[in-house]
Amino acid sequence: MGEEKEVVSLESLSKKMDDFAKARDWEKYHSPRNLLLAMVGEVGELSEIFQWRGEVERGLPDWKEEDKVHLGEELSDVLLYLVRLSDACGVDLGKAALRKLELNAIKYPAPKQTDHCGGEHPSDTTKLKEDN
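All figures in this text were calculated on a predicted structure; none of them were measured in a lab.

Peer 1: Even after reading the chapter, I still don't get the overall build of the protein, so can you show me in this structure?
Peer 2: Secondary structure assignment for the protein yields five helices and zero strands. Counted from the first residue to the last, the protein has its helices and strands arranged as α-α-α-α-α. Residues classed as buried in the protein amount to 15% of the 132 residues present. For the protein, the accessible surface area stands at approximately 11,000 Å², while carbon and sulfur atoms represent 57% of it.

Peer 1: When you look at helix H4 (residues 93-107) in this model, what are you seeing that I'm missing?
Peer 2: Because an α-helix completes one turn every 3.6 residues, residues spaced three or four positions apart along the sequence face the same direction. The terminal C-alpha atoms of H4, which comprises 15 residues, lie 20 Å apart, in line with the 21 Å expected from a rise of 1.5 Å per residue. If you check the start of H4, you find a side-chain oxygen 3.2 Å away from the backbone N of Gly94, and it comes from Asp92.

Peer 1: Explain the nonpolar core here, please?
Peer 2: Nonpolar side chains tend toward joint burial in soluble globular proteins. Listed in full, the nine residues of the largest apolar core are Leu35, Met39, Leu46, Ile49, Leu60, Trp63, Leu71, Val78 and Leu85. Elements represented by at least two residues in this core include exactly helix H2 (32-50) and helix H3 (65-88). Among the elements that make up this core, the one with the highest residue count is H2 (four residues). When residues no more than four places from it in sequence are discounted, the contact partners of Leu60 are Lys68 and Leu71.

Peer 1: How do you make sense of the packing of H2 against H3 when you look at a structure like this?
Peer 2: Axes are the key here: two packed helices are described by the angle between their axes and the distance separating the axes. Close contact between H2 and H3 brings their axes to 9 Å; oriented N to C, the two are set at 160 degrees. Regarding the angle of H2 to H3, the classification is roughly antiparallel. Note on packing geometry: the crossing formed by H2 with H3 is left-handed. Across the interface between the two elements, Pro32, Leu35, Leu36, Ala38, Met39, Glu42, Val43, Glu45, Leu46, Ile49 and Phe50 from H2 touch His70, Leu71, Glu74, Leu75, Asp77, Val78, Tyr81, Leu82, Arg84, Leu85 and Ala88 from H3. In terms of residue class, the contact of H2 with H3 is made up of 16 nonpolar, one polar and five charged.

Peer 1: Please explain the side chain of His30 as it appears in this structure.
Peer 2: One can find His30 in the loop between helix H1 (10-23) and H2. Once you skip the residues sitting within four places of it in the chain, His30 turns out to touch Ala21, Leu35, Arg84 and Ala88.

Peer 1: Can you walk me through the confidence of the model for the protein in this structure?
Peer 2: Any segment with low pLDDT has predicted coordinates that should not be analysed in fine detail. Across the protein, the average pLDDT comes to 89, with 84% of residues at 70 or higher. In the model, residues 126-132 has pLDDT below 50 throughout and makes two contacts with residues more than four positions away in sequence or in other chains.

Peer 1: How do you make sense of the side chain of Glu42 when you look at a structure like this?
Peer 2: Here Glu42 is to be found in helix H2. Buried charged residue Glu42 carries no salt bridge. Nearest counter-charge: Arg84, at 13 Å. Those residues in contact with Glu42 that sit more than four places away from it in its chain are Glu74, Asp77, Val78 and Tyr81.

Peer 1: Can you walk me through a nonpolar patch on the surface in this structure?
Peer 2: A cluster of nonpolar residues, Phe20, Trp26 and Tyr29, forms a patch on the protein surface that exposes about 320 Å² of accessible area. Tracing the backbone shows Phe20 in helix H1. A relative accessible area of 38% means that Phe20 is categorised as partly exposed.

Peer 1: Got a minute to help me understand the pattern of salt bridges in this structure?
Peer 2: Applying the stated criterion to the full structure yields five salt bridges. With its nearest N and O atoms 2.8 Å apart, the salt bridge here joins Asp19 to Lys15. Of the two residues, Asp19 and Lys15 both sit in helix H1, four residues apart, roughly one turn of that helix. A residue is classified by how much of its surface remains accessible, and Asp19, at 36% relative accessible area, is partly exposed.

Quick notes on the rules
Residues numbered from 1 in each chain as written. Predicted model: local features only at pLDDT ≥ 70, side-chain atom pairs only at ≥ 80, totals over all residues. Heavy atoms only, no water. Helix = DSSP H or I, 4+ residues; strand = E, 2+ residues; numbered from the N terminus. Buried < 20%, exposed > 50% of the residue type's maximum accessible area, 1.4 Å probe, protein only. Areas by Shrake-Rupley, 256 points an atom, 1.4 Å probe, with all protein chains shown as cover. Expected span 1.5 Å × (residues − 1). Polar contact = N/O pair within 3.5 Å; in protein donor to acceptor, adjacent residues only side chain to side chain. Core = buried A, V, L, I, M, F, W, Y, C linked by side-chain atoms within 4.5 Å. Contact = heavy atoms within 4.5 Å. Axes fitted to C-alpha atoms, helices over the stretch in contact; angles between N-to-C directions. Parallel < 35°, antiparallel > 145°, perpendicular 65-115°, else oblique. Left-handed = near helix turned anticlockwise from the far one by under 90°. Nonpolar A, V, L, I, M, F, W, Y, C, P; charged D, E, K, R; others polar. pLDDT = per-residue confidence, 0-100. Lys, Arg positive; Asp, Glu negative; His and termini not counted. Salt bridge = Lys/Arg side-chain N within 4 Å of Asp/Glu carboxyl O. Patch = residues over 30% accessible without salt bridge, like charges linked within 9 Å, V, L, I, M, F, W, Y side chains within 5 Å.

Next up, the structure:
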């Protein structure tokens, strides 16, 4: 049988991070500024992993497993601080990210599809008709 992947939401990470900080009485240190600076430090650690490798292939096929594990840990540190920072600032990170994707789609529209003969793809002309 295959391994089932656990679905992790931003909300569950936020709750776990909040519980973690409360259990250690760290909330007093988790100001937006402190969280941002801590996250920047983690981004620096993440950068060090790539610093002298040059370009790397997608999927990191030439990397050792322990290097991939280390990468996952540093990526996680950045993500966890980002989630904690967004909570400290009262920003719904999931909604903000979806909104930003929508804005990027407007700012950087996908090129129109064409058929193999150089004409417009039928879905493009259908969309034009719907807009009018």
